[in-house]
Every structure is written in C-alpha cells, then in structure tokens.
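Take a look at the letters that make up each chain.
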Amino acid sequence: MAWVEIKNLEAFYHGVRVLHDVNLQGEMADFVSVIGSNGAGKTTLLRSISRLVSVRGHVWFGGDDLTRLKPRDVIKRGVIHCPEGRLLFPNMTVYQNLMMGAFLRHDTNGISTDLDRVFEYLPKLSSRKEQLAGTLSGGEQQMLAIGRAIMGRPKLLTLDEPSFGLAPMVVDSIFDVIQKLNDEGLTILLVEQNAALALEFASFAYVLEEGHIIKEGPSKEVAEDPSVVKAYLGMT
Amino acid sequence: MDLKRGLARVIENQSPFGLLILVAMALLPVISDNIFYIEIVKLAAIYAIFAMSWDILTGYTHEVNFGVAFFIGGAGYFSGILNSFFSFSPYLAVPLAALAAGILGIWIGYLTLRLRGPYFAMATLAFASILFKLSFIFYEFTGGEEGISGLEPFTDDPMRDFYVAWVVMVVVYFILCIYARSKHGIILKAIRADEDATQSAGINTAYYKIEAFAISGLLAGIGGGVFAHSQMHIGPTMLSGYLSVIVVLLAMIGGMGTIVGPLVGAICLSILNESLRMVEEYRIMIYTGLLILLIYLAPDGLINLRSIKNSRILSFVFLGDRKST
Amino acid sequence: MNVLEVDDLTKNFGGLEALARIGFYVQPGEILGIIGPNGAGKTTLFNCITGFLPFDSGYVIFDGHELRGKKPYQIVNLGLTRTWQLVRPFFGMRVKEAIMVPSFCHRARSTHFSKKDREEAIVGILKEMGLGNKLETEVDNLNQGELRVLDISRALVTDPKILLLDEPFSGLSHREVENVSRVIRNLNDQGLTVVIIEHRLRELMKLVRKVVVINFGQKIAEGSPEEIVQEPRVIEAYLGQRRPKIGLG
C-alpha cells in the first residue's frame with residue numbers, strides 16, 4: 001500500500017453524490033496535484049480526507065485507516081488541511097492565528113521552533129505579528145494560512161486552491177514556499193483550478209471532472225493530454 | 001376578490017380550539033356574575049388584542065417589534081385626550097386614535113424599512129421610549145406620572161363593557177386571520193423566508209412591510225383605546241417597555257406566526273397572572289418562573305410545538321390544519 | 001431589436017474593478033451562456049442587470065427600457081426574471097403557497113386575468129417541471145434538485161420575456177441536469193429568451209448556441225461553443241497562463 005492511499009472514494013453533499021470511485025496514491029515527499037474545473041469535486045476530495053464530509057470507501061495514511069476517524073484525530077496523525085478561502089480568524093492577530101495551528105500540540109519547544117521556522121520562510125508575517133488577520137492582503141493571508149498549517153507539524157499538507165484571487169507575482173512567492181517545504185520532505189497534495197500552475201510544480205497529477213478521475217499521470221504527460229481541456233471546457 | 005378568497009380560506013381553516021376559547025369567554029358572564037372574574041377575562045381579551053396585533057408583524061416577518069407600547073399607549077392617550085379634553089365619545093375617540101396609530105405605523109414602518117434584526121428591534125424600542133418620555137414632558141396634557149383619569153367607559157354596565165372588549169377581540173381576530181391567509185400574509189411569510197427572493201418574484205416588499213406595520217399599529221391602537229376606556233384611566237405604564245416585553249412574551253409563548261397562538265397565550269397567561277394574586281407574595285416569582293419554563297420547553301411557542309404539528313388530530317384542533325395525505 | 005443590451009457596464013467595489021466595460025447583446029429567442037472562471041464577475045453581472053446591485057457606469061437596456069436605477073421588483077414586472085446561484089426556498093411554506101408568491105406580482109396578474117387561469121397556469125408549470133405531486137409538501141422537505149426546480153418554476157410564474165438563470169445545474173445529479181436542460185430547451189423553443197451562467201460546461205455547451213466568456217470582469221470572448229473552446233484566451237483563462245517550462249493543451 002502507498003503511504004497515502006485513497007480507494008473507491010465516494011462522497012456525498014446534500015444527498016447528491018459528488019465523488020465517484022476516486023482512487024489516488026502518493027508516497028512520502030511526493031508532490032501530487034488534483035486539477036479540474038470549478039465544481040469538479042476537488043474541495044470535496046480534500047474535505048473527505050480531513051473527515052469533514054460523509055464518505056464511502058477508504059482513506060489510508062501511513063498505514064492507518066482514516067475513514068472513520070474524527071477530524072481532530074486526522075490532524076493528530078499529521079494530515080493538515082489548508083482550506084479554500086484561507087478561513088483565517090480575522091479578529092485574531094497573525095501570531096494568534098499561527099498559535100491556533102498548534103492548538104492540539106503540547107510540545108512547547110517544538111512549537112517555538114516551528115514558529116521560528118514559519119517566520120524564516122515567510123518573513124512578511126514576522127513584521128506583522130500583531131496585525132489582525134482580517135486586515136492583511138490576500139497574499140499575506142494565504143501565507144498566514146500556510147504558516148498556520150505548518151504550525152501543526154504536518155506529515156501531509158493538503159492545499160485547496162492557494163492561488164485563488166492572487167496576483168501572479170504573489171502566487172509565485174507562495175508556490176516558492178510550498179516547493180521549499182516539499183524539498184525538505186513534506187508530502188504535498190495540491191488542489192488547483194489553475195492547471196498550468198499545478199502541473200508546473202507537482203510531479204504527479206490527477207484530473208477530476210464532475211467527480212470522476214479522468215486522467216492521471218506524471219505532470220508532463222497530463223499537460224500534453226487534450227482531455228484536460230475537455231475536462232475544463234466541456235468539449236474539445 | 002381577495003377578500004372573498006381570503007374569507008373562504010379562513011372559514012375552512014379555522015382553529016377549533018381558538019373558536020372554543022372565543023365562545024367560552026362569551027359564555028362566562030352567563031355562568032358567573034362575579035365582577036372580579038369578568039374583569040380578569042376582560043383584561044385578558046384586551047391583552048389578546050395586543051398580542052395578535054403584534055403577531056401579524058413580527059410573527060410573519062420575524063423582525064422583532066419591541067415597541068408595541070408606542071401604539072397601545074399612544075392610541076390610549078390620544079383617545080383619552082380626545083375624550084377628556086374634547087368630550088369625544090369613546091366610540092369615536094378610539095377609532096380615531098387607532099387611525100392615528102395606523103398612520104404612525106406607516107411612518108415608523110417606512111423609517112425602519114432597511115433595518116434588520118437587533119437594529120430593527122432597538123429602533124422600535126426607541127420610538128416607544130421617546131413617546132414614554134414625552135408623556136412626562138407634556139404633563140399638562142398627559143397628566144404626567146398620574147396619567148389621565150375619569151375617562152368615559154363604553155357603557156355604564158361592566159357586563160356590557162366586557163362584551164364590547166370581547167366583540168373587538170373577535171373582530172380583530174377574524175380580520176387578522178383573513179389578512180394572514182390572504183396574499184398579504186403569504187407575501188409576508190415569503191419576505192420572512194427570503195426578502196431578495198421575494199423581490200425576484202416581482203413583489204414590492206417595502207410596500208407589504210409597511211402595510212403590515214400599519215395594520216399592526218392600528219389594531220394595537222384599538223386595543224389601547226379599548227383598554228383606556230375600560231379602565232377609565234390611561235397612564236405611562238401603557239407606554240412602558242415593560243408592557244412591550246409582556247406582549248412579546250405572551251405572543252411568543254402562545255406561538256408566533258399563527259394569530260391563534262397569541263390569542264390563546266395571552267388569554268391563558270393573563271388569567272393565570274391575575275389568579276395568582278391569591279398568593280401575591282409569590283405571584284411574580286411563580287409567573288416569571290413559569291414563563292421561563294415555557295420558553296425553554298417550547299421556544300417557538302406552545303402552538304408551534306413539533307408534537308402538535310406532527311399529529312394530525314392535534315394540528316387540526318389547534319391550528320385548523322387539514323392535511324390531505 | 002435586441003431584447004437585452006448591456007453596454008460598457010462597469011462596477012467597482014472600492015479599489016476592485018469587478019466589472020470592466022462589459023458589453024453584449026441578446027436577441028429575442030436566443031439561448032446564451034455566460035461562462036468564466038470562479039470569481040470572474042458573472043454573478044455580479046447578473047446582480048447589476050437585475051437591480052440588486054447598483055453599477056457605476058454603462059447601460060442596461062431591456063426591451064427598450066433603461067434598467068439602471070430601477071428596483072428589482074420593477075425589473076421583474078417589465079419581464080426580466082432571474083434565479084439565484086444558491087437555491088432560495090421559501091422555508092416555512094408549502095410548495096403551493098411558495099409558487100403563489102410570484103403570481104401576486106403585477107405582471108402575472110395582468111397576464112392571467114382570472115384567478116382560475118392563474119392557478120391552472122401555475123399547476124401546469126409545476127407539472128411540467130416534475131413537481132405536480134408535491135403541491136402539499138412543505139418546502140423544508142424538498143431535496144436539492146426539487147428546490148432548484150421550484151426556483152425555476154417560480155421564475156416562470158412571473159411570465160418573463162427573458163429568464164436569467166444563475167448556475168441552474170449546481171447541486172443536481174446527472175439525471176436532474178438532463179431534466180432541467182430539457183425544460184429550458186422547451187421553454188426556449190416556445191420563444192423564451194434565456195441567459196445562463198454555468199460552471200458545468202459539459203451540459204451547458206450542448207444547450208446554448210452562443211457563449212460569452214468573462215474573466216476578471218472583462219469579456220474575453222464571444223461566439224459559438226465550438227469557437228469558444230478553441231479560443232486560446234479562453235483556454236488560458238480556465239487552465240491558467242502558459243508557464244515557460246511547460247506547454248498546455
């Protein structure tokens with residue numbers, strides 16, 4: 001079995017089936033991406049892993065079956081979710097938001113080390129420690145969301161559309177950080193609407209269309225496949 | 001055309017329990033001629049008018065009106081002044097006062113149009129508070145703290161006075177039932193559920209909201225005028241926040257958005273309150289405790305309880321609902 | 001004459017330009033799709049056209065009437081009706097009550113003079129949309145697909161000349177999408193002009209004959225579905241900008 005393994009996953013939203021028989025694998029330190037157009041089910045996939053939606057099928061991580069766990073137990077196993085739209089605590093400061101990421105941890109030394117690490121990777125956050133999260137720019141908010149996720153000491157980081165609503169230059173700097181984290185050995189599962197961007201960074205990609213995986217393979221291969229265009233635009 | 005339709009629908013959807021209460025109240029003087037009891041039930045009938053008129057606005061739009069005392073006391077004072085300073089007969093003064101209340105309802109409805117939730121509630125509270133203060137400031141007209149005494153009653157027989165109140169209550173009840181089942185009530189329910197979607201249906205929501213406010217004010221005003229003349233006295237308590245809150249409680253515990261609920265709630269609880277005077281030292285404690293308990297057990301009101309809605313028999317008896325399936 | 005003309009429409013939110021000089025025409029009887037990536041401004045466009053959001057400059061002319069400054073209910077009574085991205089049920093009512101609400105508007109009352117006519121028309125619409133046997137059901141007990149269909153039924157009761165549908169397929173199963181698609185096509189065949197915002201392009205592209213593509217508040221392409229999917233700017237808008245390291249498509 002792979003380190004991350006999703007098998008026969010079916011997910012339901014308000015009684016409607018939005019994921020059909022999804023299968024996905026990844027090994028430690030992989031950078032895997034799931035692309036697809038809006039509404040394809042990408043967010044539901046990540047929410048399934050984090051146990052926020054009801055599913056049938058299985059999600060395995062590091063040999064453990066996550067499928068029947070409570071969300072906080074998934075976090076305790078090291079699967080950290082950076083949600084769509086950042087979902088920061090707007091009336092808390094940058095520092096407080098980061099500390100919320102470490103909420104379930106008790107190792108004060110480890111937390112303090114990780115906090116230093118976050119500020120090292122994301123220097124912009126360091127200068128805004130006491131600023132309210134709601135007053136940050138879009139790019140800074142995304143950085144804070146990633147920082148908060150790092151504070152959970154993830155073994156698997158799932159990112160939901162980190163590029164959404166951000167200017168290209170800002171996207172570049174965010175993805176540089178994500179790449180750095182992956183280089184250090186953090187496994188990344190990236191969900192993105194921006195296919196070109198995702199395929200540039202991830203080594204392996206899955207294409208989701210209306211809840212079905214219609215193509216998978218090394219990024220280069222997927223990039224050259226015309227079915228990707230069809231997945232987004234409905235026809236070729 | 002709407003009236004006939006509404007009338008037909010009202011008749012076929014009458015709540016048997018509500019009708020029972022109305023009839024039972026009418027029979028009271030026949031059974032007992034104890035003035036004490038008659039007065040209690042008369043007061044209950046007047047509170048029912050207050051509660052029902054409150055319900056047509058808040059029960060159907062879910063914007064909570066905390067200033068119903070504005071219309072009750074306002075119309076009460078207006079009618080009282082017309083009567084004691086200008087010798088208008090109560091039969092003329094009360095309708096005029098109610099009309100004035102209705103017009104003020106249009107005005108306040110327009111001013112509070114864009115307010116929602118707590119802001120709406122606070123604004124209505126503010127209007128009532130302002131009028132309360134004004135009654136002290138213009139004490140030459142309003143009698144200040146003591147209010148105006150010696151108002152003319154409707155008739156010179158307390159028994160007949162009771163029936164005046166009863167008739168007004170019944171008329172208000174049926175007017176509101178017709179209104180609530182008519183397109184006006186349906187539109188208010190739609191506005192309550194989703195105002196934007198109601199606009200998307202081509203409905204001028206502002207108009208219907210103001211109209212509901214006006215009707216609510218007018219009918220509460222009738223209640224206030226009837227109250228003033230049946231007590232032969234009008235005082236600042238009828239403008240107080242306390243009165244507004246009591247009306248809200250009676251209507252809510254009875255069951256918002258049904259007209260029948262506030263009727264039953266007001267009558268039963270008012271009678272209970274007065275009956276508790278026998279144990280005066282504990283009355284407030286018991287009464288308030290009971291109100292709290294009832295709100296806890298039935299947050300949407302007694303008539304709106306799930307167990308009633310789900311039971312075919314009970315929902316017919318209390319709400320007049322005939323389910324076809 | 002065009003039934004709907006949008007010209008130079010601009011809407012700013014503080015510093016953000018949500019709509020930048022958008023313009024397109026809709027001809028009577030047309031069935032037009034408006035597409036674009038998430039956040040492109042499509043719903044903002046609908047909100048500006050239907051009076052729910054004031055816009056800063058430009059024109060919206062429907063059937064010869066200038067819509068700017070008109071209240072939403074007034075626009076509905078002129079013959080332009082919309083549905084919403086998220087379903088907008090009238091909770092706390094039965095289906096038959098909910099569907100009566102739009103029948104109280106001026107436009108519906110002048111189309112069907114007698115109450116009986118109006119009721120027959122309403123029941124007819126519900127039957128055609130598949131809700132004929134749900135008249136007594138509480139709205140709270142309908143599922144997502146039925147709520148979506150009820151929304152569209154309510155829109156039809158206002159007797160529109162043009163119907164603006166915001167993501168009508170959202171939340172529906174395949175079969176339900178086919179059903180709704182079929183109904184829309186029938187309505188269009190009978191002369192109703194339809195404009196649809198959608199993300200589920202597989203179904204949409206089969207339904208519409210013309211497509212307008214919006215990205216970052218601007219119109220970036222217009223044409224038939226076949227033309228649109230080959231337009232490089234459209235592919236780029238959806239799939240992302242070509243990065244120097246990889247090619248795409």
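Residues numbered from 1 in each chain as written. Chains lettered and ligands numbered in written order. Predicted model: local features only at pLDDT ≥ 70, side-chain atom pairs only at ≥ 80, totals over all residues.

(A) Region of interest: the overall build of chain A. Within chain A one finds 10 helices and 10 strands. Radius of gyration (C-alpha) of chain A: 17 Å, near the 18 Å computed for a compact globule of 236 residues. With respect to the principal axes defined by its C-alpha atoms, chain A has extents near 50 × 40 × 35 Å. The buried share of chain A, taken over its 236 residues, is 47%. (Helix = DSSP H or I, 4+ residues; strand = E, 2+ residues; numbered from the N terminus. Rg over C-alpha atoms; globule rule 2.2 N^0.38 Å. Buried ≥ 20, exposed ≤ 12 C-beta atoms within 10 Å, placed from the backbone.)

(B) Spatial organisation of the interface of chain C and chain B. Between chain C and chain B, the contact holds 25 residues from the first and 19 residues from the second. Of all the secondary-structure elements, those providing two or more residues to the side of chain C that touches chain B are helix 2 (72-78), strand 6 (80-82), helix 3 (95-100) and helix 4 (106-111) of chain C. The element contributing the most residues to the side of chain C that touches chain B is helix 2 of chain C, with four residues. A per-class count over the side of chain C that touches chain B returns 14 nonpolar, five polar and six charged. (Contact = placed C-beta atoms within 7 Å. Nonpolar A, V, L, I, M, F, W, Y, C, P; charged D, E, K, R; others polar.)

(C) How the structure looks around the interface of chain C and chain A. Of the residues lining the interface, 28 residues belong to chain C; the matching set on chain A comes to 23 residues. At the level of secondary structure, the elements contributing two or more residues to the side of chain C that touches chain A comprise helix 8 (201-207), helix 9 (225-230) and helix 10 (232-239) of chain C. No other element matches helix 8 of chain C, which puts four residues into the side of chain C that touches chain A. Taken together, the residues of the side of chain C that touches chain A break down into 11 nonpolar, 12 polar and five charged.

(D) The nonpolar core, seen in detail. With 248 residues, the main nonpolar core has Ala45(B), Ala48(B), Ile49(B), Phe50(B), Ala51(B), Val247(B) and Val101(C) as its most contacted residues. When residues in this core are grouped by element, the largest group, 15 residues, is from helix 3 (residues 35-61) of chain B. Viewed by domain, this core spans two of them, domain 1 (1-78 + 155-236) and domain 2 (87-153) of chain A, each represented by three or more residues. Aside from chain neighbours lying at most four places away, what touches Phe50(B) is Val68(B), Ile72(B), Ala220(B), Gly223(B) and Val247(B). (Core = buried A, V, L, I, M, F, W, Y, C linked by C-beta atoms within 7 Å. Domains from an automatic or database assignment.)

(E) Inspection of the sheet that holds strand 2 (residues 16-26) of chain A at higher detail. Residues and elements named next belong to chain A. Read across the sheet, four strands follow the order 2-1-4-5 without closing on themselves; strand pairing throughout is antiparallel. Each having just a single partner strand, strand 2 and strand 5 (64-65) make up the two edges of the open sheet. As paired strands, strand 1 (residues 4-13) and strand 2 are joined by seven bridges and run antiparallel to one another. Within the sheet, the bridge partner assigned to leucine 9 lies in strand 2 and is valine 22. Of the strands in this sheet, strand 1, strand 2 and strand 4 (55-61) are in contact with helix 1 (residues 42-49), which crosses strand 2 at around 70 degrees. (Pairing = 2+ DSSP bridges. Axes fitted to C-alpha atoms, helices over the stretch in contact; angles between N-to-C directions.)

(F) Inspection of the domain arrangement of chain A at higher detail. All names here are of chain A. Entries for chain A in the domain assignment read domain 1 (1-78 + 155-236) and domain 2 (87-153). When each unit is reduced to the centre of its C-alpha atoms, the spacing between domain 1 and domain 2 is 23 Å. In this complex, domain 1 contributes 12 residues to the contact, which on the side of domain 2 involves 11 residues. Here the side of domain 1 that touches domain 2 gets four residues from one element, more than from any other, and that element is helix 7 (residues 168-183). Each residue belonging to the side of domain 1 that touches domain 2 can be placed in one class, and the counts come to seven nonpolar, two polar and three charged.

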